[in-house]
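Residue strings, one per chain:
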Amino acid sequence: AFDSFNSTLKDVTELSFNVTEGKIYDIELLGFYRSTVLTMGCRMGVRLPSGAGTIFGNMAGAINNTAVATELKPSIRAIGSSATTTSAFIVTTAVAPINQDHNVEGRLVFTCTTSGVFCITFGNETTGTATVTLGVNSFIKINEMN
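Cut-offs applied
Residues numbered from 1 in each chain as written. Predicted model: local features only at pLDDT ≥ 70, side-chain atom pairs only at ≥ 80, totals over all residues. Heavy atoms only, no water. Helix = DSSP H or I, 4+ residues; strand = E, 2+ residues; numbered from the N terminus. Rg over C-alpha atoms; globule rule 2.2 N^0.38 Å. Buried < 20%, exposed > 50% of the residue type's maximum accessible area, 1.4 Å probe, protein only. Contact = heavy atoms within 4.5 Å. Areas by Shrake-Rupley, 256 points an atom, 1.4 Å probe, with all protein chains shown as cover. Lys, Arg positive; Asp, Glu negative; His and termini not counted. Charge placed at Lys NZ, Arg CZ, Asp CG, Glu CD. Salt bridge = Lys/Arg side-chain N within 4 Å of Asp/Glu carboxyl O. Phe/Tyr/Trp six-rings, centres within 6.5 Å; stacked < 30°, edge-to-face > 60°. Core = buried A, V, L, I, M, F, W, Y, C linked by side-chain atoms within 4.5 Å.

Give me the overall build of the chain: which residues, what numbers.
Within the chain, the secondary structure is distributed over zero helices and nine strands. Helices and strands in the chain line up, N terminus first, as β-β-β-β-β-β-β-β-β. Here the C-alpha radius of gyration of the chain, 15 Å, is about what a compact globule of 146 residues would show, namely 15 Å. In terms of its C-alpha atoms, the chain occupies a principal-axis envelope of roughly 45 × 25 × 25 Å. Burial status across the chain gives 42% buried among its 146 residues. The contacts of the chain with a sequence gap of at least 6 include a subset with a gap of at least 24, amounting to 84%. Summing over all exposed atoms, the chain offers an accessible surface of approximately 7,000 Å²; the carbon and sulfur share of this is 52%. On the chain, the mean spot of the 9 positive side-chain charges and the mean spot of the 11 negative ones are 3 Å from each other.

Here it is, written out as structure tokens:
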């Protein structure tokens, strides 16, 4: 499990991989997270600590269905070396119930222009006292294309 105690997005090494210049990657992500507080969801995103490329797709996250009636599914259309690049992450809202699995998922296409490392990032929705944990049953499926 990967624990987060604040809203700083950190690399999840188990969900990160090397990318090669000239390759296109079809990426499916399914993450399961738990929060210790009703008012705390998660942040999940993408970044390139090394390398370069373009990305498009979306991420979707579980919502507190007693507070929000619409789906949370923003576009992911930017990737950079910073985990806080605009349009490179999702922020889910509060969870219900606490301490049970909620999901965050993504369907992304990354075109690599300079070889490097592609990272999935994770953190709390906001700064606070909650512990938000990304479960060990989370996974990433990568299809490399030419």
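Could you give an account of the pattern of salt bridges, naming the residues involved and the relevant values?
For the structure shown, the criterion picks out five salt bridges. As a salt-bridge pair, Arg 107 and Asp 26 come within 2.8 Å of each other at their nearest N and O atoms. On the criterion of sequence distance, the pair formed by Arg 107 in strand 7 (residues 102-124) and Asp 26 in strand 3 (residues 24-35) is long-range, its members being 81 residues apart. With relative accessibility at 14%, the residue Asp 26 sits in the buried group. For the salt bridge of Asp 101 with Arg 34, the shortest nitrogen-to-oxygen distance reads 3.0 Å. Separated by 67 residues along the polypeptide, Asp 101 in the loop between strand 6 (89-91) and strand 7 and Arg 34 in strand 3 bring together distant segments of the chain. You can call Arg 34 partly exposed: its relative accessible area is 38%.

Describe the packing of aromatic side chains, and please don't skip the residues or the numbers.
Tallied over the entire structure, the rule returns five aromatic pairs. Relative to Phe 122, the ring of Phe 2 lies with its centre 6.0 Å away and its plane at 80 degrees, an arrangement referred to as edge-to-face. Of this pair, Phe 2 sits in strand 1 (residues 2-4) while Phe 122 sits in strand 7; the two residues are 120 residues apart in sequence, bridging distant segments of the chain. Each member of the pair, Phe 2 together with Phe 122, is buried. On the numbers, 5.8 Å between centres and 55 degrees between planes, the contact of Phe 17 with Tyr 25 is tilted. Under the relative-accessibility criterion, Phe 17 is labelled buried at 11%. Look at Tyr 25 and you get buried, because its relative accessible area is 1%. Clustering of aromatic rings is evident, with ring pairs tying together Phe 17, Tyr 25, Phe 110 and Phe 118.

Tell me what's going on with unusual backbone geometry, and back it up with residues and numbers.
For the peptide bond that leads from Ala 96 to Pro 97, omega is 0 degrees, which places it in the cis range. Locating Pro 97 in the fold gives a position in the loop between strand 6 and strand 7. Positive phi outside glycine occurs at Asn 99, with the angle close to 55 degrees. For Asn 99, the position within the fold is in the loop between strand 6 and strand 7. Given a relative accessible area of 39%, Asn 99 falls into the partly exposed group.

Describe the nonpolar core, with residues and values.
Judged by nonpolar contacts, the single largest core of 33 residues is most densely connected at Met 44, Val 46, Phe 110, Phe 118 and Phe 122. Of all the secondary-structure elements, those providing two or more residues to this core are strand 2 (10-19), strand 3, strand 4 (42-61), strand 7 and strand 8 (132-134). With sequence-adjacent residues up to four places away left out, Val 46 is seen in contact with Ile 55, Met 59, Ile 76, Ala 78, Ile 79, Ala 88, Leu 108, Phe 118, Cys 119, Ile 120 and Thr 121.

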